[in-house]
Amino acid sequence: AKDLGKNRFMVFENRMHEQLLTRLDQENRLREAVHRGELRLHLQPVYAVQEGQVAGAEALVRWQDPLRGLQQPGSFIPLAEETGMIIEIDRWILLEACRTLRHWQVENPWTAPAWVSVNLSAAHLDLPDLTDHVAYALATTGLSPRCLVLELTETVMMRDVAVTSARLQELRELGVRIAIDDFGTGYSSLGYLRDIPVDVLKLDRSFITGLVGNGRQQELVSAIVQLGHTLGLRVVAEGVEDAEELNLLTAMGCKFVQGYHLGRPEPAHQLYERLTTPALN
Ligand code: C2E
Ligand code: CA
Ligand code: CA
Ligand code: CA
């Protein structure tokens, strides 16, 4: 029985070793990915419901892994967050997103989205040079601060209300806007809406899924949209996957929508070409 236990332990140890190796391997490969230029900027359009036109775009990172092909954020963001590499990744995306929108505005001002929004991981709020870095990205690309939205999740906002609101106020003084991402999933008290300066509320996809045929959920979403508007916020519904959801949201007075029904994330140049080539529209 003792031997069996020992064997089991060795099997366990080997597996752990294997996991550790692949993790270290992954970590190194991800670290190199940034320097080798393997990250890609994808953009997903945000539509203005009334105009039926693209109003903005969200920047979403992808990793063109030479071994495994195009990787979605779910497969590398968690590791990047654990190791702190997320800072470098977010900064790359921020710069690339600003550069791309600025270029678009110069080349084709009539089709350029009014804003690009960039996701910032929690770790950024602890960095004293966050504001400087955002200012640098704007200055070096020439993008107007009015055209940049920074998305932070609700959970991040609530960590330390005093620190967070000071940091966000600093950013807003640059002229950029702040969005609460995944609104409604943080099991939060709504109290932070009073203390934390934000401009945009992104209603999480989980509120949109199952909206059709669920009266109670519709009341809830409608109330959140009204709440946002009452507070002077722009409300964006995320994860709109079909026409029925879009119709319901339109009837509720929701003005901005994002989701597969309207456009999937795609390489930035592809969205650019799609929107600037009328025949393909
Ligand atoms: P998120 O910020 O909530 O982004 C929205 C996610 O929902 C994206 O997934 C998008 O592709 C997906 N989505 C959009 N419309 C629909 C829809 O109609 N149906 C469904 N089922 N999904 C939809 P993606 O690109 O895989 O990104 C996942 C998450 O990874 C993001 O969630 C964000 O938290 C994180 N992420 C992505 N890019 C970055 C980045 O550059 N920096 C940081 N820190 N996080 C990022
Ligand atoms: Ca987001
Ligand atoms: Ca979201
Ligand atoms: Ca999310």
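Above this text is the structure in question.
Predicted model, so just to flag it, every value in this text is computed and none were measured.

S.K.: Could you give me a rundown of the site of ligand 1, with the residues and numbers involved?
M.R.: Around ligand 1 sit 22 residues, and of these Arg62, Asp90, Asp181, Glu241 and Tyr260 come closest. Here Asn119 contributes a side-chain N or O atom positioned 3.1 Å from an oxygen atom of ligand 1. Within the backbone of Tyr260, an N or O atom sits 2.8 Å from an oxygen atom of ligand 1. In the complex, the protein chains occlude 81% of the 800 Å² of accessible area that ligand 1 would expose alone. With respect to the detected pockets, ligand 1 is housed in the largest pocket. Those elements that provide at least two residues to the shell around ligand 1 are strand E2 (53-65), helix H3 (86-107) and strand E6 (177-183). Sorting elements by how many residues they give to the shell around ligand 1 places E2 first, with four residues. Along the lines of polarity and charge, the residues of the shell around ligand 1 split into nine nonpolar, five polar and eight charged.

S.K.: Talk me through the coordination of the calcium ion (ligand 3); I want residue IDs and the actual numbers.
M.R.: Every protein donor of the calcium ion (ligand 3) is listed here as Asp181 (OD), Asp182 (OD), Glu238 (OE) and Glu238 (OE), and their distances to the metal cover 2.2 to 2.5 Å. The motif formed by the donor residues of the calcium ion (ligand 3), counted along the single chain, is D-D-x55-E. Here the calcium ion (ligand 3) and the calcium ion (ligand 2) are spaced 3.9 Å apart, and both take Asp181 as a donor. Overall, the relative accessible area of 25% leaves Asp182 in the partly exposed class.

S.K.: An account of the coordination of the calcium ion (ligand 4) is requested, with residue identities and associated values reported.
M.R.: Donor atoms from the polypeptide that bind the calcium ion (ligand 4) are Asp182 (OD) and Asp182 (OD), placed at 2.5 to 2.9 Å. The distance between the calcium ion (ligand 4) and the calcium ion (ligand 2) is 5.7 Å. Position of Asp182 relative to the elements: it lies in strand E6.

S.K.: Please provide a residue-by-residue account of the pairing of strand E1 (residues 39-48), values included.
M.R.: For E1, a buried count of nine out of ten residues is recorded, marking the element as mostly surrounded by other parts of the structure. The pairing of E1 with E2 spans ten bridges and is classified as antiparallel. Bridge pairing links His42 to Leu60 in E2. If you look at the hairpin formed by E1 and E2, you'll find four residues sitting between the two strands, and Gly52 has a positive phi there, around 65°. Sheet topology places E1 next to strand E10 (residues 266-267); two bridges connect them, and they run antiparallel. Note on E10: the bridge partner recorded for Leu43 is Glu266. As paired elements, E1 and strand E9 (residues 256-257) share two bridges and run antiparallel to each other.

S.K.: Give a detailed account of the packing of helix H4 (residues 130-141) against helix H6 (residues 161-174), specifying residues and quantitative values.
M.R.: The axes of two packed helices give the description: the angle between them and the distance between them. With their axes 10 Å apart at the nearest point, H4 and H6 run at an angle of 20° to one another. In terms of orientation, H4 and H6 fall into the roughly parallel class. Considering only the axes of H4 and H6, their crossing is right-handed. In this structure, H4 contributes Leu130, Thr131, Val134 and Ala135 to the contact, and H6 contributes Arg167, Glu170, Leu171 and Leu174.

S.K.: Before we move on, could you go through the pattern of salt bridges and cite the residues and values that matter?
M.R.: Tallying each qualifying case throughout the model produces 16 salt bridges. Three or more residues joined by partner-sharing salt bridges are found here, namely Arg23, Glu27, Arg31 and Glu82.

Thresholds, definitions, all that
- Residues numbered from 1 in each chain as written.
- Chains lettered and ligands numbered in written order.
- Predicted model: local features only at pLDDT ≥ 70, side-chain atom pairs only at ≥ 80, totals over all residues.
- Heavy atoms only, no water.
- Near = heavy atom within 4 Å.
- Polar contact = N/O pair within 3.5 Å; in protein donor to acceptor, adjacent residues only side chain to side chain.
- Areas by Shrake-Rupley, 256 points an atom, 1.4 Å probe, with all protein chains shown as cover.
- 1 Å grid on protein atoms, 1.4 Å probe; cavity = no way out; pocket = protein on both sides within 12 Å on 5 of 7 lines; lining within 4 Å.
- Sits in = over half its atoms within 2 Å of the grid points.
- Helix = DSSP H or I, 4+ residues; strand = E, 2+ residues; numbered from the N terminus.
- Nonpolar A, V, L, I, M, F, W, Y, C, P; charged D, E, K, R; others polar.
- Donors = N, O, S within 2.8 Å, 3.2 Å for Na, K, Ca; no water.
- Buried < 20%, exposed > 50% of the residue type's maximum accessible area, 1.4 Å probe, protein only.
- Pairing = 2+ DSSP bridges.
- Axes fitted to C-alpha atoms, helices over the stretch in contact; angles between N-to-C directions.
- Parallel < 35°, antiparallel > 145°, perpendicular 65-115°, else oblique.
- Left-handed = near helix turned anticlockwise from the far one by under 90°.
- Contact = heavy atoms within 4.5 Å.
- Salt bridge = Lys/Arg side-chain N within 4 Å of Asp/Glu carboxyl O.

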